[in-house]
Amino acid sequence: MLPEEKRERIRRSYHLEKKSLRQIAREEHCSRETVKKAVFDLPPKSYQLTQPKPTFVFGQPFQARVEALLKQNEQLPRKQRYSSRKIFETLRAEGYEGSESRIRQYIAQWKRTHQTPKLFLPLEFEPGQDAQCDWGEATAVISGVRQTVQVFVMRLCYSRKTFVMTFPTQRQESFLFGHVQAFNYFGGVPARISYDNLATAVKLAMDKGKGRKRIENRTFVAFRSHYLFESHFCTPGAGWEKGQVEHGVGFSRRNFLVPIPEVNSFEELNKLLVERCREDDKRRVNRQPLTIGQAWEHERSSLLPLPPFEYECCETVTVRLTPYSQATYETNRYSVPVTRARREVIVKAYPFTLDIFDKTMLLARHPRSYEKEQDVFDPLHYLPLLEQRPGAFEYAKPLRRWKQDWPPSYHNMLHVLREKWPEGRGIQEFVRILQLHKDYPADLFERAVDQALSYGCVHLDGVLHCLHQLADPQETPQSLDLSDRPHLQNIGNQPVDLSRYEKLLKYSW
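Residues numbered from 1 in each chain as written. Predicted model: local features only at pLDDT ≥ 70, side-chain atom pairs only at ≥ 80, totals over all residues. Heavy atoms only, no water.

A.B. asks: Would you take a moment to explain the overall build of the protein for this structure?
C.D. replies: Helix and strand counts for the protein come out as 18 helices and 15 strands. The C-alpha radius of gyration of the protein comes to 40 Å, more than 25% above the 23 Å expected for a compact globule of 509 residues. Its C-alpha atoms give the protein principal-axis dimensions of about 155 × 70 × 55 Å. Counting over 509 residues, the protein shows a buried share of 40%. The long-range share in the protein, meaning contacts at least 24 apart out of those at least 6 apart in sequence, stands at 57%. Carbon and sulfur atoms make up 50% of the accessible area of the protein, which totals about 32600 Å². (Helix = DSSP H or I, 4+ residues; strand = E, 2+ residues; numbered from the N terminus. Rg over C-alpha atoms; globule rule 2.2 N^0.38 Å. Buried < 20%, exposed > 50% of the residue type's maximum accessible area, 1.4 Å probe, protein only. Contact = heavy atoms within 4.5 Å. Areas by Shrake-Rupley, 256 points an atom, 1.4 Å probe, with all protein chains shown as cover.)

Okay, here's the thing in structure tokens:
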């Protein structure tokens, strides 16, 4: 192909310098036909085959078979159609000996010819009217464990303000709790929210003569009526109907969860995500005049107001306590204080915690476990029973787990009390001391035990005295200065006169 610089020289020589075609061809060392093409601007002719090249391996019978399978795909379910790999395996079973890449190349060419590209409509939303919600998955390291977390995403369609939160599962209580936190983050409730056909919200059922219909979950309907928004469920398989949040899930994963976060808890991870959502408010979406944060300020007044109290996002069940003062929920058992045990209790399972009630009185609160057949203990729940049965101290399962995290001062105090009061009394005194954990924080309690050991007052009153001193140093009694009253300094130090007791005995006779 003639370079543009050379083509320009030829045209200048002919049109401006009035040179002949022969002279230009001689000077530029090219043929007169080439000079003519450059001078008269003849369009270059593309190379075309006069007849198609023969394909010795992937010939007409196999090409026809591929086309038949591709046409058959149009009648098959979307998730059970012939892939390029499956077509290659089918043809190979029928005698094809060529490569898979040749099949893929032919399929791509056929699709370009026979299939039109997908087209979408540009949409525009009114402030406060629409939001979209969806789930995704991501990887995070929580407490040193690499795990898959479920990512809840809700986006306001007008301002594109996005809320992201992670959960251990996609269960209904997590789904609803994510809504509540999103509404609090947005400062209001959108008038309509679009969803996939989530099992936590709806189920699809066959309606006689009408195809499939949606039956909304009763709990979801109650939640929706509490916040007064409308729900819109997309056509099955039509993710483009909520394209903003479909994009938002991927955007959040790439921008908020890269690099893979390493945190101590879900609470820490969700705080990190909220901070990154707020940072995203500074971004201006392409072709939008305002940043996300500025558009949200304009949209905020159009959102529905939040109700006076939040919806309780939990599963509530009534269970019977086991003989070990435990409530069973989903194969896991959670302890209840032995002093407040009841035959039946109410369990409320939230996404991250599990509360146990006696009617309206809270008996216990535990972190929720999503593993199977786990015992979740609070060792403080069993201390009153251990005080009555000191012989079980070494074997009590809740205490054996707790011992692994004890500081050395706890073991020192237990050793001193056992030597001072054998036969179980020392253990009982130690259990009474441990019960002070209910009223004082662990770090303060540990300092009090260290101080009591240094004072030599290794008993309940001694530890309690040290706790009072550490809790309120200003009330610590000062030593009494009697330097100006020397006659009082010996009071309390003089020897005891036992004869006075003899007199008392005589009077009693």
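A.B. asks: Explain the sheet that holds strand 10 (residues 326–329) to me, please; I cannot follow it from the model alone.
C.D. replies: Note on sheets: strands pair through backbone hydrogen bonds, and any given pair is parallel or antiparallel. Read across the sheet, 3 strands follow the order 10-11-15 without closing on themselves; strand pairing throughout is mixed. At either end of the open sheet lies a strand with only one pairing partner, and these are strand 10 and strand 15 (375–376). (Pairing = 2+ DSSP bridges.)

A.B. asks: What's the story with the pattern of salt bridges in this structure? I'm lost.
C.D. replies: Per the counting criterion, the structure on display carries 28 salt bridges. Where Arg12 meets Glu8, a salt bridge forms, and the shortest distance between an N and an O atom there is 3.5 Å. Of this pair, Arg12 and Glu8 are both found in helix 1 (residues 4–15), 4 residues apart, which corresponds to roughly one turn of the helix. When its relative accessible area of 44% is taken as the criterion, Arg12 is described as partly exposed. Among the ionic pairs, Asp280 bridges to Arg283, the shortest N-O distance being 2.7 Å. (Salt bridge = Lys/Arg side-chain N within 4 Å of Asp/Glu carboxyl O.)

A.B. asks: Got a minute to help me understand the side chain of Asn73 in this structure?
C.D. replies: Relative to the helices and strands, Asn73 is located in helix 4 (residues 60–73). Judged by relative accessible area, Asn73 falls into the buried class, the value being 10%. Residues within four places of Asn73 in sequence aside, it is in contact with Arg81 and Tyr82.

A.B. asks: Just to check I follow, could you spell out a nonpolar patch on the surface for this structure?
C.D. replies: A surface patch of nonpolar side chains, about 470 Å² in accessible area, is lined by Val496, Leu498, Tyr501 and Leu504. Inspection of the secondary structure assignment puts Leu498 in the loop between helix 17 (460–471) and helix 18 (499–508). (Patch = residues over 30% accessible without salt bridge, like charges linked within 9 Å, V, L, I, M, F, W, Y side chains within 5 Å.)

A.B. asks: Before we go on, may I ask you to explain unusual backbone geometry in this structure?
C.D. replies: For residues other than glycine, phi is negative in most cases, and the peptide bonds are mostly trans. In the segment running from Val258 into Pro259, the intervening peptide bond is cis, with an omega of 0 degrees. Mapped onto the fold, Pro259 is located in the loop between helix 9 (243–256) and strand 8 (262–263). The backbone of Glu330 shows a phi angle near 50 degrees, a positive value even though the residue is not glycine. With respect to the helices and strands, the residue Glu330 is situated in the loop between strand 10 and strand 11 (332–335). Residue Glu330 is classed as partly exposed on the basis of its relative accessible area, which comes to 34%. Look at Lys359: it is not a glycine, yet its phi comes out positive at around 60 degrees. As for its position among the elements, Lys359 is in the loop between strand 13 (353–358) and strand 14 (361–367).

A.B. asks: Where do I start with the sheet that holds strand 12 (residues 344–349) in this structure?
C.D. replies: Taken in spatial order, the 4 strands line up as 9-12-13-14 in an open sheet, and their pairing is antiparallel. Bordering the open sheet on either side are strand 9 (315–320) and strand 14, each of which pairs with just one other strand. Along the sheet, successive strands turn relative to each other by an average axial angle of 25 degrees, direction set aside. One ladder, built from 4 bridges, connects strand 12 with strand 13; its direction is antiparallel. (Axes fitted to C-alpha atoms, helices over the stretch in contact; angles between N-to-C directions.)

A.B. asks: What am I meant to see in the packing of aromatic side chains here?
C.D. replies: Within a pair of aromatic rings, the relevant descriptors are the distance that separates the centres and the angle that separates the planes. Scanning the entire structure with this criterion turns up 29 aromatic pairs. An angle of 70 degrees between the planes, with centres 5.9 Å apart, marks the rings of Trp135 and Phe167 as edge-to-face. Of this pair, Trp135 sits in strand 1 (residues 130–142) while Phe167 sits in strand 3 (residues 162–167); the two residues are 32 residues apart in sequence, bridging distant segments of the chain. Their ring planes at 70 degrees and their centres at 6.1 Å tell us that Phe223 and Phe229 sit as a pair that is edge-to-face. You can call Phe223 buried: its relative accessible area is 0%. (Phe/Tyr/Trp six-rings, centres within 6.5 Å; stacked < 30°, edge-to-face > 60°.)

A.B. asks: Whenever I open this one, the pairing of strand 10 confuses me. Can you help?
C.D. replies: Within a regular beta strand, the side chains point alternately toward one face of the sheet and then the other, so they alternate between its two faces. The pairing of strand 10 with strand 11 spans 4 bridges and is classified as antiparallel. The residue of strand 11 that forms the bridge with Tyr329 is Asn332.

A.B. asks: Even after reading the chapter, I still don't get a positive patch on the surface, so can you show me in this structure?
C.D. replies: On the surface, Arg78, Lys79, Arg81 and Lys118 cluster together to form a positively charged patch. In this fold, Arg81 is placed in the loop between helix 4 and helix 5 (84–93). Taking relative accessible area as the criterion, Arg81 reaches 42% and is therefore assigned partly exposed. (Lys, Arg positive; Asp, Glu negative; His and termini not counted. Charge placed at Lys NZ, Arg CZ, Asp CG, Glu CD.)

A.B. asks: Help me understand the packing of helix 4 against helix 6 (residues 100–114), please; the structure alone is not making it clear to me.
C.D. replies: In helix packing, the relevant descriptors are the interaxial angle and the interaxial distance, both defined with respect to the helix axes. As a packed pair, helix 4 and helix 6 sit with axes 11 Å apart at the nearest point and diverge in direction by 55 degrees. Here helix 4 is positioned oblique relative to helix 6, judged by the angle of their axes. Classified by chirality, the crossing of helix 6 by helix 4 is right-handed. Here Gln63, Val66, Glu67, Leu70 and Lys71 of helix 4 come into contact with helix 6, specifically with Tyr106, Ile107 and Trp110. Classifying every residue of the contact of helix 4 with helix 6 gives 5 nonpolar, 1 polar and 2 charged. (Parallel < 35°, antiparallel > 145°, perpendicular 65-115°, else oblique. Left-handed = near helix turned anticlockwise from the far one by under 90°. Nonpolar A, V, L, I, M, F, W, Y, C, P; charged D, E, K, R; others polar.)

A.B. asks: How should I be thinking about the side chain of Glu429 in this particular structure?
C.D. replies: Topologically, Glu429 is positioned in helix 15 (residues 425–434). Reaching out from Glu429, the side chain makes a polar contact with the side chain of Arg432 at a distance of 3.0 Å. When residues no more than four places from it in sequence are discounted, the contact partners of Glu429 are Leu417, Trp421, His459 and Leu460. (Polar contact = N/O pair within 3.5 Å; in protein donor to acceptor, adjacent residues only side chain to side chain.)

A.B. asks: So what exactly am I meant to see when it comes to the nonpolar core here?
C.D. replies: As a rule of thumb, nonpolar side chains are buried together in soluble globular proteins. Residues Phe152, Met154, Phe175, Phe186, Tyr195 and Phe229 are the most contacted members of the largest nonpolar core, which totals 47 residues. Considering every element that reaches this core, the biggest residue donor is helix 7 (residues 172–186), with 7 residues. Sequence-distant contacts of Phe186, that is, excluding residues within four places in its chain, are made with Met154, Leu156, Lys161, Thr162, Phe163, Trp296, Arg300 and Leu303. With 31 residues, the next largest nonpolar core counts Trp406, Met413, Trp421 and Val449 among its residues. (Core = buried A, V, L, I, M, F, W, Y, C linked by side-chain atoms within 4.5 Å.)

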